[in-house]
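# Architecture at a glance
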Amino acid sequence: MTATILPAAQRLHAERNLPRYTSYPTALAFDSAHATEAEGWYGATRPDDTLSAYVHVPFCRRLCWYCGCHTSIAPTYDRVGNYLDVLRREIDLVAARLGDHDGLAHLHFGGGSPNALRPADFVDLTARLARAFRLRPGAEIAAELDPGMLSKGFIEAVGEAGVTRVSLGVQTFDPTVQALVNRVQPYDQVARAVEGLRGAGVGGLNFDLMYGLPGQTPDNVYTSAQEAVALRPDRIAVFGYAHVPWMKKHQTMIRETDLAGLDGRWLQAEAADAALIEAGYVRIGLDHYALPDDALSRAAAEGRMRRNFQGYTDDAAAVLIPVGPSSIGQFREGFVQNHVPTDQWAARIAEGKLPLNRALAVGDEDRLRALVIERLMCDLSVDVEAICRDQGMPSDLLAESLDAIDALALAGLCRREGAVISIPETARRLMRVVAAAFDARLPKAAERHAKAV
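Residues numbered from 1 in each chain as written. Predicted model: local features only at pLDDT ≥ 70, side-chain atom pairs only at ≥ 80, totals over all residues. Heavy atoms only, no water.

## A word on the packing of aromatic side chains
By the definition in use, this model includes eight aromatic pairs. Both rings, one in Tyr 42 and one in Phe 331, keep their centres 4.7 Å apart while their planes meet at 50°; by these two values the pair is tilted. You can see Tyr 42 sitting in the loop between helix H2 (35–38) and strand S2 (51–57) and its partner Phe 331 sitting in strand S15 (residues 328–331), a full 289 residues away along the chain. Accessibility expressed as a relative area gives 1% for Tyr 42, which makes it buried. Pairwise contacts between aromatic rings join Phe 30, Phe 309 and Phe 335 into one cluster. The ring of Tyr 312 carries the charged tip of Arg 307 above its face, separated from the ring centre by 4.3 Å. (Phe/Tyr/Trp six-rings, centres within 6.5 Å; stacked < 30°, edge-to-face > 60°. Helix = DSSP H or I, 4+ residues; strand = E, 2+ residues; numbered from the N terminus. Buried < 20%, exposed > 50% of the residue type's maximum accessible area, 1.4 Å probe, protein only. Lys NZ or Arg CZ within 6 Å of the ring centre and 35° of its normal.)

## A few points about the pairing of S2
Taken across its seven residues, S2 has seven buried, putting it largely inside the fold. Pairing of S2 with strand S5 (residues 104–111), which is carried by seven bridges, proceeds in the parallel orientation. Its bridge partner lying in S5, Tyr 54 is registered against His 108. (Pairing = 2+ DSSP bridges.)

## Remarks on the pattern of salt bridges
Any two side chains of opposite charge can pair, given that their charged atoms come close. Taken as a whole and assessed by the stated rule, the structure comprises 28 salt bridges. Between Arg 20 and Asp 287 there is a salt bridge; the shortest N-O distance is 2.2 Å. Of this pair, Arg 20 sits in the loop between strand S1 (17–18) and H2 while Asp 287 sits in the loop between strand S10 (282–284) and strand S11 (288–290), and the two are 267 residues apart along the sequence. Looking at Arg 20, the relative accessible area reads 31%, which means it is partly exposed. Residue Glu 425 pairs with Arg 283 through a salt bridge whose shortest N-O separation is 3.6 Å. One end of the pair, Glu 425, is in the loop between strand S20 (420–422) and helix H15 (431–436); the other, Arg 283, is in strand S10, and 142 residues separate them in sequence. Since its relative accessible area comes to 45%, Glu 425 is described here as partly exposed. Given the relative accessible area of 32%, Arg 283 is considered partly exposed. Salt bridges sharing partners connect three or more residues here, namely Glu 140, Arg 165, Arg 235 and Asp 294. (Salt bridge = Lys/Arg side-chain N within 4 Å of Asp/Glu carboxyl O.)

Structure (structure tokens):
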């Protein structure tokens, strides 16, 4: 394994706190002033619109100290059961508010950990969503699961529910690192989960790995990635740990002295990359890898890959429906987010109202910038002038952003030929810096965002 140190000209950029650009504008721009207006967007769906839905399960059976998700540990199942009762009412409420549409093409369960639900409840919930939103033939049903808490009964439920893709939060196989983040799950346990899921008929398997965790080094990150590819998941994502204890109090359990600095994080990311490329995986966008014949690899090669709140996807649905507390949705008119606290989310539904807390209406310039940012994040290349022309916008509208691009090009983060911008492989991991040049809403204080590396 060989790795290169972060070039000196790029160090300052790598220290920046920046969005992951799963949307533009990003969620920090949403506000409560638009929430009432956004209720009308549900009824404006069109007969030829396919839907995607994200369902948030805000519970886990263990609390991992690195976690940045909206989740909690339920002391008894009664609290989960109450959540499910409210969730069923929300599903019916949303289905009744939607305009005509062409059915549900993608159903995604996240959290938290959806396997915090009882197996029978997960099957019933999936069936209810399929009926309410008219699940299309061949639709993808995906679930993010905790492999260390994945029972045989839940694996059977995954098969019964028709789940087609599972993402396992592996993070690391190193036992010392696992202990330092309170997520102990030996390799053999994950291997049994993989075997069980494939036996249950799950055709697509994703792994999430991490770098920057306490106790991680380039060597143990490389070894974990090698162990991961031995199980041959179709896709692997490699995320950098974001240490934000002022936002997530449980992260105070992680000592900052156990965390690598910028060079250490860079070398850990390089180590994971080396192991995955050696095993035949293809780089996808910022932090994803896939086998060459995977649908995401094909979408990336053909310029069809998209970026949404679940990361990189080949899901082309026009409308994303949010279900559950904290869930974010997208309509042509803009973005919405449900109340985050479960009690506030439930209170709105009890009143027969959509549980929207924040929203943002988007205009033509927002859509233009979103397209430019998405193509940079997906293709590592964009023709700014062509996108302006296609959107009927003045070609000089983004002139200020292009001036910023020139400065980044001097640091080796990108290349510019006229209005065509490309990101070299050597700067792939810093693409968010290039995308940020087109972000007209980026706040000066961005502590809620993760470091660029």
